[in-house]
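Below, each chain spelled out in residue letters.
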Amino acid sequence: MLKKIIVILSVFAISLFPMVGSVSAQQAEGTLPGFGEGYATSLGQEYFLGRVWLMSFRRQAPIISDPLMQEYVEDLLYNLVATSELKDRRLELVLVNHPSINAFAVPGGVVGVHNGLLDKATTEAQFASVLTHELAHVSQRHFARSREAAKNTSVIQLAGLLTGALLAVTDGGSSAVAAVMGTQAAAMQSKLRFSRLHEQEADRIGMKNMVRANMNPMGAEEMFKIMQTVSRSYGGRPPEFLMTHPLTETRISDARNRSREYPRKIYTENLEYQLMRARVALRFAGESDKAVAMFREKLAKSGINAEPNQYGLVLALTENGDYAEAKKLLSPLLEYSPSSMIYGIAEAEIYIAEGNQEKALELLQRGLTLVPDNHPITMTLAEAHVKFGDHHKAAALLEKHAKTRAKDPAVWYQLAESQGQSGNTLGVHQARAEYFALTGQPIRAKKQLGFAMQLPNLDELTRTRLRERIMQIEQLEIAMRNF
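Residues numbered from 1 in each chain as written. Predicted model: local features only at pLDDT ≥ 70, side-chain atom pairs only at ≥ 80, totals over all residues. Heavy atoms only, no water.

(A) Main features of the overall build of the protein. Counting its secondary structure elements, the protein contains 24 helices and 3 strands. Put simply, the protein has 483 residues, and 54% of those count as buried. In the protein, 67% of the contacts between residues at least 6 apart in sequence involve partners at least 24 apart. Summed over all atoms, the accessible surface of the protein reaches about 21600 Å², with 52% contributed by carbon and sulfur. (Helix = DSSP H or I, 4+ residues; strand = E, 2+ residues; numbered from the N terminus. Buried < 20%, exposed > 50% of the residue type's maximum accessible area, 1.4 Å probe, protein only. Contact = heavy atoms within 4.5 Å. Areas by Shrake-Rupley, 256 points an atom, 1.4 Å probe, with all protein chains shown as cover.)

And the structure:
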């Protein structure tokens, strides 16, 4: 079955993903077995399987579309990857809207983060300790090694990983998840022999990675303590992350002792991380008036977190329609950090919300001049064009942006909306097809391309490209049936 799927994936890889180069596998350390490119699943196979896994996950999980948060976590990930032992560094991030502490790394470089992790991790170092741990699982190819020990197929074990990730966001209530519980249980049973060694190795290598990236290694022990407190509050069934990453006093003690082996340094907290936490708190607050009240209370009690709480209040006030107060509170933040993209976008969003087209477009276009192709600025500018009824400009902007973020479903979704409003029928069908393909809906993707094929006056080159894309999506459909 694995060979069949790899052949299928290679058919559409040229158009859907970058080509896979030849990369040697990371060598194991200590008592764990060694492996090479020919051992278990190859890096190239993991890359393709991981992307198909991601499409299946997106179809079923509550995915966040927040360009600022996406860019922040992506930047942090790539900073950590630069000092990691990861060989294949083509990562893809998925943000999940769920309050639980959770992060996961799927073979092939797919990294998932629940926004609940940002909410609970009070410092960037704590947050980064979870990411480096997950990156270590990937760099040491624990999946491939477990699969070899279990004599199991990659597809079956990836299905188990999908089940676990979905359980964490559905609380086990999905009938689709329940249907594959048996698969996960069988896969987990065969992995138990190496799980403790893998966790120890990921802890050790993850902390080493943090130090190389100039981040406080004590963040790991601090995060473990937070997880321990959260675990106790759950009673009988802890969160899925804590079930697959067992937490013991020994593990906390090991993290403390390891962190003390490194030279003591003074680490400054990254304000940007705290601003992202304010965005998460705003999302969890619910209605805008409740968010305003929450941030007013936080700001009144603020110490070192006064600035993030003031930023959060600005966002809440903007959502609540209190534009004058939002501007008043944002003004000192802009004065103190005039080059902050985060505050600049907050200002633009106020102008958009209150209908000030001239100032909103001027601010955002100036931002794109300074930082060409920036994801958050581009998406906010597209939002502004849509708000002010200029769908042609929004579509042109997003069509260009889709070339640099071709694997981002949010970009294709917004492009489809703008193409539809601007009257580009071919464009809307193509953009919808890409969105459906990336979110694990190949049947709907093919239907959109079929609609495009029926349009009159298509030139032969366009028809050829549409036919080729339909064939590629058909191969994707076959591959996804195994998830």
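From this point, the discussion proceeds with the structure in view.
(B) Quick look at helix α24 (residues 460-480). Taking 1.5 Å per residue, 21 residues should reach 30 Å; α24 reaches 30 Å between its end C-alpha atoms and fits that length. What α24 keeps buried is the set T462, L466, R469, I470, Q472, I473, L476, E477, A479 and M480. Where α24 begins, one side-chain oxygen reaches toward the backbone nitrogen of L461, 3.1 Å away; that side chain belongs to D459. (Expected span 1.5 Å × (residues − 1). Polar contact = N/O pair within 3.5 Å; in protein donor to acceptor, adjacent residues only side chain to side chain.)

(C) Region of the structure containing the packing of helix α22 (residues 425-438) against helix α23 (residues 442-453). In contact at an axis separation of 8 Å, α22 and α23 are set at 165 degrees when each is read in the N-to-C sense. The orientation of α22 with respect to α23, classified from their angle, is roughly antiparallel. Crossing hand, α22 versus α23: left-handed. On α23, the residues that touch L426, H429, R432, A433, F436 and A437 of α22 are P442, R444, A445, Q448, L449, F451 and A452. Classifying every residue of the contact of α22 with α23 by side-chain character gives 9 nonpolar, 2 polar and 2 charged. (Axes fitted to C-alpha atoms, helices over the stretch in contact; angles between N-to-C directions. Parallel < 35°, antiparallel > 145°, perpendicular 65-115°, else oblique. Left-handed = near helix turned anticlockwise from the far one by under 90°. Nonpolar A, V, L, I, M, F, W, Y, C, P; charged D, E, K, R; others polar.)

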